[in-house]
There are 2 protein chains.
Amino acid sequence: MADVAARAGVSVATVSRALSGEGRLVSAPVMERVQEAARELGYHPNNLARNMRAGTSRIFGLVISDVGNPFFTAVARGAEDVAHRHGYSLVLSNTDENPEREATSLGVMIAERAAGIMIATTNENGEALRRSIAMGTALVAIDRRIHGLPTDSVAVDNEGAAHEAVSHLIRLGHSRIAIIGGPRDAHTARERLRGYERAHREARLAVDPVLVTEGTFRETAGLAHTRELLALADPPTAIFSVNNLTTIGVLRALREAGCRVPRDVSVVGFDDIPTAELLDPPLTVVRQPTYRMGVQAAELLIRRILEPAAPVQEVLLTGNLVVRGSTGPRA
Amino acid sequence: MADVAARAGVSVATVSRALSGEGRLVSAPVMERVQEAARELGYHPNNLARNMRAGTSRIFGLVISDVGNPFFTAVARGAEDVAHRHGYSLVLSNTDENPEREATSLGVMIAERAAGIMIATTNENGEALRRSIAMGTALVAIDRRIHGLPTDSVAVDNEGAAHEAVSHLIRLGHSRIAIIGGPRDAHTARERLRGYERAHREARLAVDPVLVTEGTFRETAGLAHTRELLALADPPTAIFSVNNLTTIGVLRALREAGCRVPRDVSVVGFDDIPTAELLDPPLTVVRQPTYRMGVQAAELLIRRILEPAAPVQEVLLTGNLVVRGSTGPRA
DNA sequence: TTGTAAGCGTTATCAA
DNA sequence: TTGATAACGCTTACAA
């Protein structure tokens, strides 16, 4: 910067003004001289210094539990589009549902003074999250709310969506409906289970505890649970899988066992899959407004940065059932 | 930091030494006092300042053209695992194959003084890339080499893999084989086309130019081209699709036209899809070692940072054909 | 082993 | 409209 100043015959302060946002405080001829000098010298402002001066960076962190999950990449897309529009860059960080990696990610983002963080948390790092807020880093919870920490959040009405999916199965005549659940400590998993239960209650159907499973949000969990369910003396005639990855596991297990879908078993999944229509058979799902979730999350973040004292806002979006071929009347 | 120093009764320099890497220069009791003071005060080092001092950050940028593509998320996983192990964070940036967004991404990473950049480039930003190298930012090309700029790179033997896929079709008796190509200016697309041509040449089969299409790496391109191909007087009996997303478009078009796969048309795709085995029929593909590409890219970056003058290294991995159900003998 | 002080590249304040 | 200068929070000679 000093070099540019020397070449343009002005002070560094003027160079700064000319090259940063304050261009209107600089006379036209000086502006021109500075820009030319910068170009000739191949000068590039150092954001590191700029940010350090400002005390914050133009970065949003998006902490997700699985980059490989289309759900999160769609969210990332939405968030990135909004962030970019407002001059922020999006840093994606993958935790693999591992609290330690999540803690590391958060540490980096806080240390790097991210302007804001969007997080689908494992809910094991309450303190780190609390600290980030205390340090003035804006925080938005995505998909899962944060236990005991009221923050802006964007989520889907999980209970309602699950209720819709299971009611669809009940309407088709199914009464032995299994649920491939998520981790017990995941908010989303619990809410979806509640929707499953409510649908049963409303139809005056008893829930057989044997058909209620609990695991991870991974394909392997869907695979293992479905195998167990099929080995039952009185196996389910329908399966509701609470996560897109577990759904894939379910389908694999059914195929492996030679079960025809939906003749032998109906399947409805929570959250869509890019190739859902091309599967054999096309998969019935509850679709979540993933892109919109990302958009909303980034917008909440920006609002929070602009108005740090604004009241906490909890956005609740709704999912909708997409009936394709994997659900049918009970045999 | 000054507060911590005051509380621990030492100088800021000592605090710095105690809390950063130079712990061995500090006596045990002082070390303890400093750490306690830091904890009590909730002190978090400001990486912004640290990096500015160091002139570089502990960040790797990964610039990809499509976060929604499982190919890139798998690469990201590999790169992130290696980066993390070496104390770097991975910043993902999505360009949507848009040169302007790519330029912006690069600008941010250079300005942010990323320690290194891994990029699957559109090849429209040669100057920005050149500059990043000139500024000392390590650079590794992923998937696609950079025109006229020798850099470390990780890629797949596209021609060989395409050759294998098309030869497989030829062996099944097909002679009218269409290729759903990528953008003309994408290195990868050209190489895969060459593999397609070589397979024909070796089998003494003529290539019908009508069957050679060219488009984008998007689902819509596969859809549109396949529709056109099916409308031909003498349509192909097999289709080789050079990208996983276009392959999905191909399958959609075939389903829409009521074509049975592989009875009416065989399909082989380049690059695997997570649900490939569950599709109807299961999809035959050339699989790329995606995770390993990410690992290698990050390793090349680290090597380059450690040894800036090391000779350029171009890593070439090989794909392998996975035969599933979408290819069969000519009707 | 510890402290003093200079400096990293910016921007903001104040004065001219 | 411009310039001199003091921060921002940290690390690292150099000295003690």
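Residues numbered from 1 in each chain as written. Chains lettered and ligands numbered in written order. Predicted model: local features only at pLDDT ≥ 70, side-chain atom pairs only at ≥ 80, totals over all residues. Heavy atoms only, no water.

**Topic: the overall build of chain A**
Logical step 1: Helix and strand counts for chain A come out as 12 helices and 11 strands.
Logical step 2: Taken over C-alpha atoms, the radius of gyration comes to 25 Å for chain A, far larger than the 20 Å a tight globule of 331 residues would show.
Logical step 3: When its C-alpha atoms are laid out on the principal axes, chain A stretches across 90 × 40 × 30 Å.
Logical step 4: Evaluated residue by residue, chain A yields a buried proportion of 56% over its 331 residues.
Logical step 5: Put simply, of all contacts in chain A between residues at least 6 apart along the chain, 70% involve residues at least 24 apart.
Logical step 6: Here chain A displays about 13,800 Å² of accessible surface, and carbon together with sulfur accounts for 52% of that area.
Logical step 7: For chain A, the distance from the average position of its 37 positive side-chain charges to the average position of its 38 negative side-chain charges is 3 Å. (Helix = DSSP H or I, 4+ residues; strand = E, 2+ residues; numbered from the N terminus. Rg over C-alpha atoms; globule rule 2.2 N^0.38 Å. Buried < 20%, exposed > 50% of the residue type's maximum accessible area, 1.4 Å probe, protein only. Contact = heavy atoms within 4.5 Å. Areas by Shrake-Rupley, 256 points an atom, 1.4 Å probe, with all protein chains shown as cover. Lys, Arg positive; Asp, Glu negative; His and termini not counted. Charge placed at Lys NZ, Arg CZ, Asp CG, Glu CD.)

**A word on the protein's contact with DNA strand D**
Logical step 1: Of all residues adjacent to DNA strand D, which total 22 residues, the nearest are Thr14(A), Val30(A), Ser16(B), Tyr43(B) and Arg53(B).
Logical step 2: Across the atoms of DNA strand D situated within 4 Å of the protein, the share located in sugar and phosphate is 56%.
Logical step 3: Here a base nitrogen of DNA strand D and a side-chain polar atom of Arg17(A) are 2.7 Å apart.
Logical step 4: Interatomic distance of 2.4 Å between a side-chain N/O atom of Tyr43(B) and a phosphate oxygen of DNA strand D. (Near = heavy atom within 4 Å. Polar contact = N/O pair within 3.5 Å; in protein donor to acceptor, adjacent residues only side chain to side chain.)

**Concerning the pattern of salt bridges**
Side chains bearing opposite charge may pair, as long as their charged atoms lie close to each other.
Residue and element names in this part refer to chain A.
Logical step 1: Under the criterion given, the structure shown has 46 salt bridges over all chains.
Logical step 2: Arginine 252 is the salt-bridge partner of glutamate 219, the closest N and O atoms lying 2.5 Å from each other. Highlighted residues: glutamate 219 in helix H10 (residues 219–230) and arginine 252 in helix H11 (residues 244–256), separated in sequence by 33 residues.
Logical step 3: Note that arginine 324 and aspartate 272 form a salt bridge whose closest N and O atoms lie 2.6 Å from each other. One end of the pair, arginine 324, is in the segment after strand E11 (320–322); the other, aspartate 272, is in the loop between strand E8 (266–270) and strand E9 (284–287), and 52 residues separate them in sequence.
Logical step 4: With a relative accessible area of 17%, aspartate 272 lands in the buried category. (Salt bridge = Lys/Arg side-chain N within 4 Å of Asp/Glu carboxyl O.)

**Let's talk about the protein's contact with DNA strand C**
Logical step 1: Near DNA strand C there are 23 residues, and of these Ser16(A), Arg53(A), Thr14(B), Ser27(B) and Val30(B) occur at the shortest range.
Logical step 2: Restricting the count to atoms of DNA strand C within 4 Å of the protein gives a sugar and phosphate share of 56%.
Logical step 3: Arg50(A) is positioned with one of its side-chain polar atoms (N or O) 2.8 Å from a phosphate oxygen of DNA strand C.
Logical step 4: Residue assignment for the surface near DNA strand C shows that the elements contributing at least two residues are helix H2 (12–19) and helix H4 (47–54) of chain A together with helix H2 (12–19) and helix H4 (47–54) of chain B.

**A few points about the sheet that holds strand E8 (residues 266–270) of chain B**
Residue and element names in this part refer to chain B.
Logical step 1: What the five strands build is an open sheet, ordered E6-E7-E8-E9-E11; its pairing is mixed. One side of each edge strand has no neighbouring strand; the edge strands of this open sheet are strand E6 (177–180) and strand E11 (320–322). Recorded for the sheet is a direction-independent mean angle of 20 degrees between the axes of neighbouring strands.
Logical step 2: Where E8 lies against strand E9 (residues 284–287), three bridges are found, and the strand directions are parallel. Among the inter-strand pairings, phenylalanine 270 is bridged to a residue of E9, identified as valine 286.
Logical step 3: Across the sheet, helix H11 (residues 244–256) is in contact with E6, strand E7 (238–241) and E8; its angle to E8 comes to roughly 160 degrees. (Pairing = 2+ DSSP bridges. Axes fitted to C-alpha atoms, helices over the stretch in contact; angles between N-to-C directions.)

**Focus on the interface of chain B and chain A**
Logical step 1: Contacts between the two partners involve 46 residues from chain B, matched on the other side by 48 residues from chain A.
Logical step 2: Around 4,400 Å² of area is buried between chain B and chain A when both sides are counted, 54% of it from carbon and sulfur atoms.
Logical step 3: The interface formed by chain B and chain A holds 10 salt bridges in total.
Logical step 4: Across the pair Asp66(B) and Arg77(A) runs a salt bridge whose closest N-O atoms are separated by 3.1 Å.
Logical step 5: Put simply, chain B and chain A have 18 residue pairs in polar contact (both at pLDDT 80 or more) between them.
Logical step 6: Among the elements of the structure, H4, helix H5 (70–85), strand E2 (89–94), helix H6 (99–111) and H11 of chain B are those that each provide at least two residues to the side of chain B that touches chain A.
Logical step 7: When residues of the side of chain B that touches chain A are assigned to their parent elements, the largest contribution, six residues, is made by E2(B). (Buried area = accessible area lost by both parts, 1.4 Å probe.)

**Examining the relation of the copies chain B and chain A**
Logical step 1: Superposing chain B onto chain A takes a rotation of 180 degrees plus a shift of 0.0 Å along the axis, which leaves an RMSD of 0.2 Å. Each copy turns onto its partner about a two-fold axis.
Logical step 2: Most of the interface of chain B is mirrored in chain A, where 100% of its interface residues again form contacts. (Least-squares fit on C-alpha atoms with pLDDT ≥ 70 in both.)

**Digging into the pairing of E2(B)**
Residue and element names in this part refer to chain B.
Logical step 1: For E2, the buried fraction is high: six of the six residues fall into the buried class.
Logical step 2: Where burial is concerned, the two faces of E2 agree: the one with Ser89, Val91 and Ser93 and the one with Leu90, Leu92 and Asn94 are both buried.
Logical step 3: Relative to E2, strand E1 (residues 59–64) runs parallel, the two being bridged by six bridges. The residue bridging valine 63 from the neighbouring strand is serine 93, located in E2.
Logical step 4: As a crossover connection, the stretch from E1 through H5 into E2 is right-handed. (Right-handed = clockwise from strand over helix to strand, strands pointing away.)

**What about the pairing of strand E5 (residues 152–156) of chain A?**
Logical step 1: For E5(A), the tally of buried residues reaches five of five residues, placing the bulk of the element in the interior.
Logical step 2: Residues Asp152(A), Val154(A) and Val156(A) point to one face of E5(A) and Ser153(A) and Ala155(A) to the other, with burial holding for every one of them.

**Let's talk about the domain arrangement of chain A**
Logical step 1: Assigned domains within chain A: domain 1 (2–45), domain 2 (53–156 + 290–318) and domain 3 (158–288).
Logical step 2: On a C-alpha basis, the centroid separation for the pair domain 1 of chain A and domain 3 of chain A is 63 Å. (Domains from an automatic or database assignment.)

**Examining the nonpolar core**
Logical step 1: Grouped together as the largest cluster of nonpolar side chains are 78 residues, with contacts concentrated most on Phe240(A), Val267(A), Leu283(A), Phe240(B) and Leu283(B).
Logical step 2: Contacts of Phe240(A), omitting those with residues within four sequence positions, involve Ala162(A), Ala165(A), Val166(A), Leu169(A), Ala178(A), Ile179(A), Ile180(A), Arg192(A), Tyr196(A), Val268(A) and Phe270(A).
Logical step 3: By size, the runner-up hydrophobic cluster in this structure holds 62 residues, among which are Phe71(B), Ala115(B), Met293(B) and Leu317(B). (Core = buried A, V, L, I, M, F, W, Y, C linked by side-chain atoms within 4.5 Å.)

**As for the sheet that holds E5(A)**
Residue and element names in this part refer to chain A.
Logical step 1: Strand order in this open sheet of six strands is E2-E1-E3-E4-E5-E10, and the pairing throughout is parallel. Of all strands in the sheet, those with a lone pairing partner are strand E2 (89–94) and strand E10 (314–317), marking the two edges. Direction aside, neighbouring strands of the sheet carry axes that sit 15 degrees apart on average.
Logical step 2: Of the strands in this sheet, strand E1 (59–64), E2, strand E3 (116–119) and strand E4 (138–142) are in contact with helix H5 (residues 70–85), which crosses E2 at around 160 degrees.

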